[in-house]
Amino acid sequence: MEKQQYTIIIFTENHIGLLNRVSIVFTRRHLNIDSITASESEVKGVYRYTIVLVTTQKQIEKVVSQLEKLVEVLRASYYLEEEVIHQEIALYKVDSAGLANSNEVEKLVRYNNARILAIEKDYIVIEKTGYKAETQELFEKLEPFGVLQFVRSGRVALTKQRKELTSYLKEIEKASEKSDKIREWKLNKTDDTAMWL
Amino acid sequence: MGIKMRGSMAVIQSLLAEHVDTIFGYPGGAIMPIYDDLLQHEDKIHHILVRHEQGAAHATQAYSQVSGKVGVCFGTSGPGATNLITGIANAQIDSVPMVVITAQVPSPLIGTDAFQETDVVGLTMPITKWNVQITDAEDIPEAIAKAFYIAVSGRPGVVVIDITKDALLNQLEFEYEKAPKIRSYFPYPAINMQSIDAAAELINKSKKPLVLLGHGVLIGKAENLFREFVEKAEIPVASTLLGLSAFPSSHKLFVGMLGMHGNYAPNIKTNEADVIIAIGMRFDDRVTGRIADYARQAKIIHIEIDKSEINKNIEVNVAVHADVKTALTALLPKIQANAHSSWLNEFKELEAIEIEKVIKKECTPESGKIRQGEVVHLLSEKTKGHAILVTDVGQNQMMGARYFKFENPNSLITSGGLGTMGFGLPAAMGVSVVVKDRPVIAFLGDGGIQMTIQELGTIMQENLAVKIVVVNNNFLGMVRQWQDMFMSKRYAATHMVTPDFIKIAEGYNIKGRKVEKREELSAAIDEMFATEGSFLLEVMVEKEGNVFPMITPGASVSEIVLE
């Protein structure tokens with residue numbers, strides 16, 4: 001089965017060890033994560049993980065349902081490249097010595113929509129946000145000038161679909177109510193099946 | 001405002017709030033405050049001191065399965081906790097609820113490789129439904145309330161709570177709320193009526209339906225509903241290992257066990273059925289054989305509470321994501337009464353072949369050494385299916401599952417998913433704590449009993465009645481069978497010299513008897529059941545007996561062989 005790149009987005013509660021729980025789902029299937037980022041979402045207390053990996057459709061479906069099974073995960077879903085808008089940020093620390101008699105770096109910054117974050121005696125720091133290919137391209141162009149350090153973040157991604165976290169949370173609330181009713185019925189607290197059927 | 005108390009007392013009070021009356025465990029440095037406070041509540045909670053924490057975990061699991069409650073066990077930090085791990089993994093993979101409480105070194109020492117420190121949360125994360133470490137006394141009641149709720153609801157599993165010693169010693173205001181709301185956890189999915197309609201339509205039109213009965217029927221307490229369903233539609237019932245006893249073995253619709261050492265008919269017919277209704281089971285590889293040739297001709301309906309099990313191993317046509325009881329309640333009114341007598345007869349024809357070629361030789365041989373199946377057959381006949389059978393793992397397990405006739409739910413306790421040797425004796429001990437009105441049989445091999453034989457001490461101390469049957473072939477029988485069949489009889493590390501089990505039992509004040517001759521077997525079994533309390537019956541059996549039929553590894557269910 002053909003492999004392709006997927007972006008997984010997970011909404012979770014903020015609990016210790018959750019990153020470990022999430023990564024276990026991947027490692028036990030011997031899947032290598034390309035990048036992972038996590039931060040608080042637009043809803044206070046709900047954390048958003050963005051995970052990128054290359055795998056098959058079948059694997060990704062299984063992984064996502066196993067992620068959703070985790071007690072503290074609110075929702076997990078996967079997207080193809082064209083279903084998300086995504087970016088990565090890269091920082092480049094470039095040796096000032098190589099820049100002395102040239103305006104090449106200035107040009108590179110300008111043409112690549114990058115910006116200069118810091119100028120020190122020995123080095124400058126450039127920042128570029130974009131697709132991985134773009135930040136990689138700039139890295140290759142800066143290399144002749146002496147890149148002392150290079151760092152790239154994991155992907156952050158937003159979905160194109162119109163359904164947002166708040167509506168998922170409402171759905172979860174409803175699912176919770178149904179679940180409670182079924183539980184009550186199962187515990188013989190009520191005979192009324194109409195409320196969940 | 002709650003009542004002021006220390007953390008360890010809050011553990012006890014929380015357990016009392018959950019109506020816990022039995023705990024299996026083993027004390028040690030870090031957990032001592034809990035034990036100290038338990039002493040004041042000995043009238044309400046009976047603590048059973050095991051001989052090794054693995055025994056505690058297996059006993060707790062079995063206790064959960066037969067009592068219908070959530071079993072609880074205690075272990076101290078470090079080795080106490082690591083010794084529990086096999087039992088935790090075993091219960092988790094077989095979806096049995098269990099709350100495990102371990103103590104941890106004081107929080108300032110965490111991460112310093114302190115004496116008896118081990119990262120219990122990290123170690124048990126992949127083998128639990130949920131786990132948590134508590135470092136603040138105030139968090140204890142809520143964590144325990146969540147633990148009980150999570151362990152038993154939805155697809156049940158194990159919850160581990162690791163509590164630091166300082167949290168046990170610090171004061172808190174105790175308040176307890178059962179089943180607290182957990183926003184991200186909604187264990188019972190709402191019924192999708194479209195899936196129910198689609199399932200009903202397939203079932204009603206089916207000419208050759210087959211039900212695969214799984215553990216979910218027992219877990220969901222849906223045995224009666226299940227029976228109504230299969231009787232109404234007249235569908236043959238084949239069971240997984242863990243589904244056994246949910247449906248009477250004597251029922252005319254019962255066609256036997258599925259899988260590698262299951263019965264001939266249900267395996268063959270899996271590849272002839274037009275509609276397969278899988279209920280609360282997960283298409284384990286031991287059930288499916290070669291996936292590529294599993295039931296390709298059939299439309300498959302899968303009723304399953306755990307969404308991640310749907311389409312995991314087998315792609316299905318209709319997925320009913322729901323608890324079995326809920327699903328069958330919704331499905332039953334839409335099922336038409338039906339008859340499938342000629343289809344049922346096809347099972348009978350194949351069953352007759354299996355009886356002739358396998359079962360007669362195994363269960364009622366007239367010459368040669370005693371056979372394992374023969375022992376199970378006699379145990380079953382003499383208890384009239386009224387006993388609870390607890391097996392170990394290997395040939396004894398398959399023989400027990402194949403030849404014991406079950407009439408009551410939850411009458412087979414066995415290690416399914418993990419296949420844990422050493423499970424049988426402590427599990428039987430856990431059963432015997434609850435079940436007093438029916439015989440509890442531990443059916444073990446000579447290898448398995450020696451893995452956890454120390455629990456004879458617990459059985460002695462607690463005056464428990466376990467009828468221990470050891471079928472001794474001086475071999476690790478199942479591995480030897482594979483060596484016989486697939487490795488040209490190269491018996492690497494499977495021959496085992498066994499001790500004098502009767503003397504060992506005697507040392508623990510347990511009566512015993514060893515049988516080598518067929519003529520003595522029946523009387524010895526009678527003596528065992530007539531003896532008050534525990535009894536160890538050692539039966540010397542055929543050394544190189546094999547379990548058949550068999551779907552050899554990599555073969556399809558329809559390629560099952562009889563010899």
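Residues numbered from 1 in each chain as written. Chains lettered and ligands numbered in written order. Predicted model: local features only at pLDDT ≥ 70, side-chain atom pairs only at ≥ 80, totals over all residues.

Before going further, it helps to spend a moment on the overall build of chain B. When its secondary structure is counted, chain B shows 22 helices and 20 strands. Computed over C-alpha atoms, the radius of gyration of chain B comes to 24 Å, within 12% of the 24 Å expected from 2.2 N^0.38 for 563 residues, which places it in the range of a compact globule. In terms of its C-alpha atoms, chain B occupies a principal-axis envelope of roughly 70 × 60 × 40 Å. Looking at chain B residue by residue over its 563 residues, the buried ones come to 58%. Once local pairs closer than 6 in sequence are excluded, the contacts in chain B between residues at least 24 apart make up 77%. (Helix = DSSP H or I, 4+ residues; strand = E, 2+ residues; numbered from the N terminus. Rg over C-alpha atoms; globule rule 2.2 N^0.38 Å. Buried ≥ 20, exposed ≤ 12 C-beta atoms within 10 Å, placed from the backbone. Contact = placed C-beta atoms within 7 Å.)

To continue, consider the overall build of chain A. A tally of helices and strands in chain A yields five helices and nine strands. Here the C-alpha coordinates of chain A stretch approximately 85 × 40 × 30 Å along the principal axes. When the 197 residues of chain A are sorted by exposure, 25% land in the buried category. In chain A, the proportion of contacts linking residues at least 24 apart, taken out of those at least 6 apart, comes to 73%.

This part takes up the environment of Leu536 of chain B. Residues and elements named next belong to chain B. Looking at where Leu536 falls in the secondary structure, it is placed in strand β20 (residues 535–540). Residue class for Leu536 comes out buried when judged on the 26 C-beta atoms lying within 10 Å of it. C-alpha of Leu536 to C-alpha of Lys511: the two residues are 25 residues apart in sequence and 6.3 Å apart in space. Apart from the residues lying within four places of it in its own chain, the contact partners of Leu536 are Ile468, Val470, Phe501, Ile502, Ala505, Ile510 and Gly512.

In this section: the interface of chain B and chain A. The interface of chain B with chain A comprises 26 residues on the first partner and 26 residues on the second. If you tally residues by element for the side of chain B that touches chain A, the top one is helix α13 (residues 324–331) of chain B, at four residues. Partitioned by chemical class, the residues of the side of chain B that touches chain A number 13 nonpolar, six polar and seven charged. (Nonpolar A, V, L, I, M, F, W, Y, C, P; charged D, E, K, R; others polar.)

Our focus in this paragraph is the domain arrangement of chain B. Residues and elements named next belong to chain B. Structurally, chain B comprises domain 1 (3–174), domain 2 (193–347) and domain 3 (369–540). One C-alpha centre belongs to domain 2, the other to domain 3; they are set 31 Å apart. Split into classes, the residues belonging to the side of domain 2 that touches domain 3 amount to seven nonpolar, four polar and two charged. (Domains from an automatic or database assignment.)

The next thing to look at is the nonpolar core. Counting residues in hydrophobic clusters, the biggest one holds 219 residues, and the most contacted among them are Leu212, Ile276, Ile279, Ile301, Val390 and Val469 of chain B. Of all the elements, helix α6 (residues 140–152) of chain B adds the most residues to this core, at nine residues. Beyond its immediate stretch of four places on either side in the chain, Leu212 of chain B contacts Ala238, Thr240, Leu258, Ile276, Ile277, Ala278, Ile279 and Met281 of chain B. With eight residues, the next largest nonpolar core counts Val94, Val105, Ile126 and Leu142 of chain A among its residues. (Core = buried A, V, L, I, M, F, W, Y, C linked by C-beta atoms within 7 Å.)

Further remarks concern the sheet that holds strand β18 (residues 467–472) of chain B. Residues and elements named next belong to chain B. Read from one edge to the other, the open sheet built from six strands follows the order β16-β15-β17-β18-β20-β19, with strand pairing classed as parallel. The strands lining the two open edges of the sheet, one partner per strand, are β16 (412–413) and β19 (511–515). Two strands pair when backbone bridges link them, and β19 and β20 are joined in this way by five bridges, in the parallel orientation. Within the sheet, the bridge partner assigned to Lys511 lies in β20 and is Phe535. Strands in contact with helix α15 (residues 372–383) are β17 (440–445), β18 and β20; relative to β18, the strand with the most contacts, it is inclined by about 160 degrees. (Pairing = 2+ DSSP bridges. Axes fitted to C-alpha atoms, helices over the stretch in contact; angles between N-to-C directions.)

Turning our attention to the sheet that holds strand β11 (residues 254–257) of chain B. Each strand in a sheet pairs with another by means of backbone hydrogen bonds, the pair being arranged parallel or else antiparallel. Residue and element names in this part refer to chain B. Reading across from one edge, β11-β10-β9-β12-β13-β14 is the order of the six strands in this open sheet, with parallel pairing throughout. Because the sheet does not close on itself, it has two edges, and the strands there are β11 and β14 (318–321). Each strand axis lies, on average, 15 degrees off the axis of its neighbour in the sheet, ignoring direction.

Residues of chain B with pLDDT of at least 70 account for 100%, and the chain-wide mean is 97. For this predicted complex, the interface score ipTM comes out at 0.94, while the overall pTM is 0.97. (pLDDT = per-residue confidence, 0-100.)

The next point concerns unusual backbone geometry. Trans is the prevailing form of peptide bonds, just as negative phi is the prevailing case for residues other than glycine. Residue and element names in this part refer to chain B. Of note, the amide linkage connecting Phe548 to Pro549 takes the cis form, showing an omega dihedral of 0 degrees. Mapping Pro549 onto the fold places it in the segment after β20. One non-glycine residue, Asn463, lies in positive phi territory at about 55 degrees. Within the element layout of this structure, Asn463 appears in the loop between α19 (456–461) and β18. The class for Asn463 is exposed, based on 11 C-beta atoms found within 10 Å.

To continue, consider helix α8 (residues 193–205) of chain B. Since there are 3.6 residues in each turn of an α-helix, residues three or four apart along the chain are aligned in direction. Residues and elements named next belong to chain B. If you check α8, its first and last C-alpha atoms are 18 Å apart, about what 13 residues at 1.5 Å a residue would give, namely 18 Å. Looking only at α8, the buried set comprises Ser195, Ile196, Ala199, Ala200, Leu202 and Ile203. For α8, the buried positions fall inside an angular range of 165 degrees around the axis, keeping them on one side. Those residues of α8 that are exposed and aimed more than 90 degrees away from the buried face are Met193, Gln194 and Glu201. Check the buried side of α8 and you find it contacts β9 (209–213), α10 (223–233), β12 (275–279), β13 (299–304), β14 and α13. (Expected span 1.5 Å × (residues − 1). Arc of directions from axis to C-beta.)

Looking now at the pairing of β9 of chain B. All names here are of chain B. Across the five residues that make up β9, a large majority, five, are buried. Burial along β9 is two-sided: Pro209, Val211 and Leu213 facing one way and Leu210 and Leu212 facing the other are all buried. Pairing analysis gives five bridges linking β9 to β12, with the strands arranged parallel. Looking across to β12, one finds that Pro209 is bridged to Val275. Sheet topology places β9 next to strand β10 (residues 237–239); three bridges connect them, and they run parallel. Each bridged residue has a counterpart across the sheet, and for Val211 the counterpart in β10 is Val237.

Moving on to helix α5 (residues 165–186) of chain A. Its 22 residues give α5 of chain A an end-to-end C-alpha distance of 31 Å, which sits within 8% of 32 Å, the value for a rise of 1.5 Å per residue. Taken residue by residue, α5 of chain A has Ser179, Lys181, Ile182, Arg183 and Trp185 of chain A as its buried positions. On the buried face of α5 of chain A, the contacting elements are α13 of chain B. Looking one or two residues past α5 of chain A, Asn188 of chain A carries a phi angle of roughly 60 degrees, positive in sign.

Let us look at the packing of helix α3 (residues 53–67) of chain B against helix α17 (residues 424–434) of chain B. Residue and element names in this part refer to chain B. Taken N-terminus to C-terminus, the directions of α3 and α17 make an angle of 45 degrees; their axes are 7 Å apart at the nearest point. It follows that α3 is oblique to α17 by the angle criterion. Relative to α17, the crossing made by α3 is right-handed. Contact residues: α3 offers Gly55, His58, Ala59, Thr60, Gln61, Ala62, Tyr63, Val66 and Ser67, while α17 offers Pro426, Ala427, Met429, Gly430, Val431, Val433 and Val434. (Parallel < 35°, antiparallel > 145°, perpendicular 65-115°, else oblique. Left-handed = near helix turned anticlockwise from the far one by under 90°.)

The next point concerns the environment of Ile219 of chain B. Residues and elements named next belong to chain B. Of note, Ile219 is situated in helix α9 (residues 215–219). C-alpha of Ile219 to C-alpha of Pro553: the two residues are 334 residues apart in sequence and 29 Å apart in space. Excluding anything up to four places from it in sequence, Ile219 contacts Ser95, Pro156 and Gly280.

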